[in-house]
Every structure is written in structure tokens, then in C-alpha cells.
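One-letter residues, chain by chain:
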Amino acid sequence: MDSDIIIVGGGAAGMVAAYAAAKSGASVTVLEKMSRPGRKIMISGKGRCNMTNLKDWNEFSEHIHPKAAFLKNAFYNFSSADTLEFFRENGLETVVERGDRVFPASYKASDVVDTLLSAAKKAGASVMTGSEVSGIFRDDDIFTLDLVSGKRMTAAKIIIATGGLSYPATGSTGDGYRWAAGFGHKIRHCFPSLTALVPADYKVSGGVPQGKGHISRDLTPSELGKALMGNQLKNISLTVNIDGHTVMEEFGDADFTDGGLEGPAGFRISRKCVNALENGSKVTVCLDLKPAVKQESLDRRIENLWEEISVDSRSQRKSQDERFRILLGKLMPSGLVNAFLRYHPGTDVRRLGKRIKNWEFRIAGYVGYERCVVTAGGISTDEISQKTLESKLIPGLYFAGEVLDLDGDTGGYNLQTAFSTGFLAGRSAALK
Ligand SMILES: Cc1cc2nc3c(=O)[nH]c(=O)nc-3n(C[C@H](O)[C@H](O)[C@H](O)COP(=O)(O)OP(=O)(O)OC[C@H]3O[C@@H](n4cnc5c(N)ncnc54)[C@H](O)[C@@H]3O)c2cc1C
């Protein structure tokens, strides 16, 4: 046998699994298809890597979907505090930012990858890059792995840590789902999460979805899209309506980009919206530019501002439209004025407050795996032991990371999920 344990995938989950298994005394080999491990970590947090979140389990679990309870045991075995301690012991200093988010003190994702790799190697694991697995079989309690290179390897136990489907150029192309299904595991429907939502008419094609709501990020933006793009909104709220029912409201910041509506609040609503769009539901998002101000107060403020502008000597020669633009400029970022006017032709001072608090966007689709942060859905947790992450169907087969039907919000929750499940799978496999 080549190794006690072979781990397929040298990402966040795979490298922590290798560390934990090797530390527990097993001989461990990681097979990673890319020329370097941890390619996805390299682009995480815009290259800064928001590596974990220090919230305690009660709060942390609110950010995990769809069944946070499945993660609880793994989290307690290797919590966010343990992640911090692990990196500190291995020489990486960290900093904590707003919202309990943790980053490497260097703000370099590459330092996180280097630390993970050196910790796994120091513990005794061997990491083989450029080693793409094409098939996994089990015979007489032994797993055989076929590599694209033609090589064959065997192990008593394997851990599948191949990640999800997002950013396939980083190496995660969903191979783990195929193997798990081959071993009889249920795969829960996968869809992109933490992704841009594309308002109707944002793209030149009219925002017509390709397939089930997927709209390529590369499509040229329409004039409307161009007017919205580049606007970064602070302290706004987004309310999601699905088939006419309000299902959630999120406060915070949001951005309009070449993809559509994203940023922290946009990402937080994306999971529900994408899922609804894929089910054929109608999705609208209401943007409130002044969530902290009540409608009546805003209306009064608008009246007062309008009066000030009207009596201001500098406005005397200006047309009604020009004065209205000045008013808008006092109520929203100047870059948003053109888009607001395009969206609300004919709005007058009397109705302005309502429009500002209730700017409705019909959502035509979403940006897909090519640029989403995480894959929702995956290998069903129903047939996996929560205590060990071993398959309940195939002894010796373990799963860790995003390949599982577990996904988190932005804020360090996804990497911590990968670290926690990687650690538990690695240690359980070694101790079995
Ligand atoms: C742009 C972006 C930014 C992000 N930012 C953050 C952030 O700041 N904080 C956070 O918590 N999360 C973030 N995430 C999410 C987080 O990076 C992932 O959830 C996490 O990396 C998942 O870890 P994993 O080990 O399960 O999978 P991956 O990191 O995807 O690793 C899977 C590995 O398996 C390898 N592999 C796949 N198939 C095979 C095969 N057949 N043979 C051999 N190897 C194979 C792949 O090459 C890959 O290296 C971000 C994601 C993206 C895309």
C-alpha cells in the first residue's frame, strides 16, 4: 500500500486533514492536481485571506447552511480559536478586524498557504502536486486511485477534499461529487452562492438568463448597467421578495460591479435569491438607501432641502431638472444620480422619499461558478458520520471541506468550515 491515508485535494481542508492525520501517526499522501496546493486560498479575501471568524459556536452556526448542526462536532474539535493557535504555533501572526474576522498580519493569502503546507510536511505528510486523480475504486477494503498520469496508488483510507465548483481555474471542478455518487452517496443540488445578482436589463442582452438564471459576467453591460456600475453603497438595506413574499432583509454595504449587485449585503442575500431563481420563482430586491431614517422624516428632510435649493441664489438660473439633480446629489452618492433618474423617470419631489427607500430591482439572474465564492449543496451529510466524517456507506471513506453540503456566509466561515472538517476527517481516519 502506498499510504495509510490518501487525501485527494490539497486545498484548505486537505492540508489540515494531512496535518491532523500525520500528527496522529498515520502515513499520509496528499494528491493535488494543480502545480501548487491552495490555489483557491490564494485568491480568498481578495488576496488577503479572511482565514476564520472568532464568533462562538452559537453565533458562528447562524452563518452556516443548510444544516449547521452537522458541523458542530467538527467545530468543537478544531474551533476558530484552534485555527488561530495552529497558525501561531506554525509561525503566522494574525490580526482581527471588524466583525471578528481574522486575517494574516501580513494580509498575504500566500502566507496562509505556505504555513499550511509546511505544517503538513513537518508533521510527516507527503504532498504530490500535479497529481490529478481520475477515478477511485474499492476492492477488498483497499482503495485504488487512478491518476491522469497513468499512475495507480493504493490506500486503506481516503479523504475526499476536492472542494466545490466555484472558480474552476483554481482546480475545484466537482470531481468529488462524481466519486461520492459512484459510492452511493446522495448529492444535494449544487448552486452558486456568495455571487453577484444581475438586475433585469443590466446587460445588453436584456439580462436574458442562460439556462437556469445564469448570466455570464462577461456579457456587456447595458446603459443602465453602466450607470449603476462602480457605485459602492454604504449602510443600505436590501429586502428580498420571492414570489411576492418578503423573505429576508440585510443591512450593510453593497456594490454594483460588472457582474451586478454584490458586496457584503449583496452576497448575503445571494444564496436565497439564486436558489429561488433556479426553482423558477420571481425575485425582486428592494434597495433602501436610507434604512436608518423613517419615511416621514425623510419626506420632511426632502421638503426642507428642496426649499433651501429653491431659494438659493445660485439656483435661480437653473432649470427644474437641474435643481432636482442637486437635490438627488444631497441624498445619495453623486455617481448614483444618473442611474436613479434612469430607473425612476418622471419622479417628482413629492414621491422621491418613497423611491429612495424602495428602489425595486427585478433580478433576472446571477453570475455562476465562474466567479462565485462558494458552492451551496454537495455531498449530503445524511450518510456521513458527524462524529468522524466517515461515510456511513463505505468504511474508510471520509469527506472534508466544501465538497460537503455545507456552505457559509462571507466573513471567514467557509475556510473555518474547511479547517474544522479537514482536521476531524484527518484525525478520525488516522485513529480508526
Ligand atoms: C474568490 C474567492 C474568495 C474567497 N474568500 C474567502 C475568504 O476570505 N474567507 C473564507 O472563509 N472563504 C473564502 N472563500 C471560500 C474558501 O476559499 C473555500 O470555501 C475553501 O477554500 C474550500 O476549501 P476546500 O479545501 O474544501 O476546497 P478547495 O480550496 O477548493 O481545494 C480543493 C482542492 O482539490 C484539488 N482537486 C480537485 N479535484 C482534484 C482531483 N481530481 N485530483 C487532485 N486534486 C483535485 C483542487 O485543485 C483544489 O486544490 C473564497 C472563495 C473564492 C472563490
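Note that the structure is predicted; figures quoted are calculated from it, not measured. (Residues numbered from 1 in each chain as written. Predicted model: local features only at pLDDT ≥ 70, side-chain atom pairs only at ≥ 80, totals over all residues. Heavy atoms only, no water.)

Re the site of the ligand
Here is step 1: Close to the ligand lie 37 residues; Glu32, Asn50, Asp175, Glu402 and Leu415 are nearest.
Here is step 2: The separation between an oxygen atom of the ligand and a polar main-chain atom of Ala13 is 2.9 Å.
Here is step 3: Asp175 is positioned with one of its side-chain polar atoms (N or O) 2.7 Å from a nitrogen atom of the ligand.
Here is step 4: If the ligand stood free it would expose 1,000 Å²; the protein chains cover 95% of that surface.
Here is step 5: Of the residues in the shell around the ligand, the class split is 15 nonpolar, 16 polar and 6 charged. (Near = heavy atom within 4 Å. Polar contact = N/O pair within 3.5 Å; in protein donor to acceptor, adjacent residues only side chain to side chain. Areas by Shrake-Rupley, 256 points an atom, 1.4 Å probe, with all protein chains shown as cover. Nonpolar A, V, L, I, M, F, W, Y, C, P; charged D, E, K, R; others polar.)

Quick word on the domain arrangement of the protein
Here is step 1: Here the protein is described as being made up of domain 1 (3-191 + 373-431) and domain 2 (195-370).
Here is step 2: Computed from C-alpha coordinates alone, the two centres of domain 1 and domain 2 are separated by 38 Å.
Here is step 3: With 14 residues of domain 1 in contact, the opposing surface of domain 2 contributes 7 residues.
Here is step 4: For the pair domain 1 and domain 2, the two sides together bury roughly 1,000 Å², of which 58% comes from carbon and sulfur.
Here is step 5: Between domain 1 and domain 2 we count 5 residue pairs in polar contact (both at pLDDT 80 or more) in total.
Here is step 6: Of all the secondary structure elements, the ones that give two or more residues to the side of domain 1 that touches domain 2 are β11 (187-193) and β18 (374-379). (Domains from an automatic or database assignment. Contact = heavy atoms within 4.5 Å. Buried area = accessible area lost by both parts, 1.4 Å probe. Helix = DSSP H or I, 4+ residues; strand = E, 2+ residues; numbered from the N terminus.)

With respect to the side chain of Glu402
Here is step 1: Position of Glu402 relative to the elements: it lies in the loop between β19 (397-399) and β20 (407-408).
Here is step 2: It is Lys40 that comes nearest to the buried, bridge-free Glu402 among opposite-charge side chains, at 4.5 Å.
Here is step 3: A distance of 3.0 Å separates the side chain of Glu402 from the backbone nitrogen of Thr375, its partner in a polar contact.
Here is step 4: With near-sequence residues (within four places) excluded, Glu402 lies in contact with Gly163, Gly164, Leu165, Ser166, Tyr177, Val374, Thr375 and Gly377. (Buried < 20%, exposed > 50% of the residue type's maximum accessible area, 1.4 Å probe, protein only. Lys, Arg positive; Asp, Glu negative; His and termini not counted. Salt bridge = Lys/Arg side-chain N within 4 Å of Asp/Glu carboxyl O.)

Quick look at the packing of aromatic side chains
Here is step 1: Inspection of every chain in the model, using the stated rule, returns 20 aromatic pairs.
Here is step 2: Measuring from ring centre to ring centre gives 5.2 Å for Trp359 and Phe361, while their planes differ by 25 degrees; the resulting arrangement is stacked.
Here is step 3: In this structure Trp359 comes out as buried when scored by relative accessible area, which is 0%.
Here is step 4: One aromatic cluster is present, formed by Tyr19, Phe78, Phe86, Phe87, Phe419 and Phe423 through successive ring pairs.
Here is step 5: Directly above the aromatic system of Phe103 lies the positively charged group of Arg48, at a separation of 4.5 Å from the ring centroid. (Phe/Tyr/Trp six-rings, centres within 6.5 Å; stacked < 30°, edge-to-face > 60°. Lys NZ or Arg CZ within 6 Å of the ring centre and 35° of its normal.)

Re unusual backbone geometry
Excluding glycine, a negative phi dihedral is what most residues carry, and trans is how most peptide bonds are arranged.
Here is step 1: Cis peptide bonds are those with omega within 30 degrees of zero, and the linkage from His65 to Pro66 qualifies with -10 degrees.
Here is step 2: Tracing the backbone shows Pro66 in the loop between β4 (64-65) and α4 (72-77).
Here is step 3: Look at Asn235: it is not a glycine, yet its phi comes out positive at around 50 degrees.
Here is step 4: With respect to the secondary-structure elements, Asn235 resides in strand β13 (residues 232-242).

Considering the nonpolar core
Here is step 1: Counting residues in each nonpolar core, the largest one holds 79 residues, and the members touching the most others are Ile7, Ile41, Leu116, Ile136, Ile158 and Ile159.
Here is step 2: Among the nonpolar cores identified, the runner-up in size contains 52 residues, and Tyr202, Ala227, Ile269 and Ala276 belong to it. (Core = buried A, V, L, I, M, F, W, Y, C linked by side-chain atoms within 4.5 Å.)

Notes on the pairing of β13
Here is step 1: For β13, the buried fraction is high: 8 of the 11 residues fall into the buried class.
Here is step 2: Connecting the antiparallel pair β13 and strand β14 (residues 245-256) is a turn made up of 2 residues, with Asp243 showing a positive phi of about 50 degrees.
Here is step 3: Pairing of β13 with strand β16 (residues 283-288) involves 6 bridges; the strand directions are antiparallel. Each residue of the ladder has a partner; that of Leu238, found in β16, is Leu287. (Pairing = 2+ DSSP bridges.)

Details of the sheet that holds strand β6 (residues 101-104)
Here is step 1: Strand order across the open sheet formed by 3 strands is β3-β6-β5, with antiparallel pairing between neighbours. Across the chains shown, the open sheet's two edge strands, defined by having one partner strand only, are β3 (52-53) and β5 (94-97).
Here is step 2: Pairing geometry for β3 and β6, over 2 bridges, is antiparallel. If you follow Asn53 over to β6, its bridge partner there is Arg101.

Considerations on the environment of Glu250
Here is step 1: Mapped onto the elements, Glu250 comes out in strand β14.
Here is step 2: Taking the C-alpha atoms as reference points, Glu250 and Phe267, 17 residues apart in sequence, are found 9.9 Å from one another.
Here is step 3: The contacts of Glu250, once residues within four sequence positions are left out, are Ile236, Ser237, Leu238, Ala265, Arg268 and Ile269.
Here is step 4: For Glu250, the side chain forms a polar contact with the side chain of Arg268, separated by 2.6 Å.

Let's talk about helix α5 (residues 80-89)
Here is step 1: When we look at burial in α5, the residues that qualify are Ser80, Thr83, Phe86 and Phe87. Projected onto a plane normal to the axis of α5, the buried residues spread over an arc of 115 degrees and lie on a single side.
Here is step 2: Where α5 terminates, the next one or two residues include Gly91, which has phi positive at roughly 90 degrees. (Arc of directions from axis to C-beta.)

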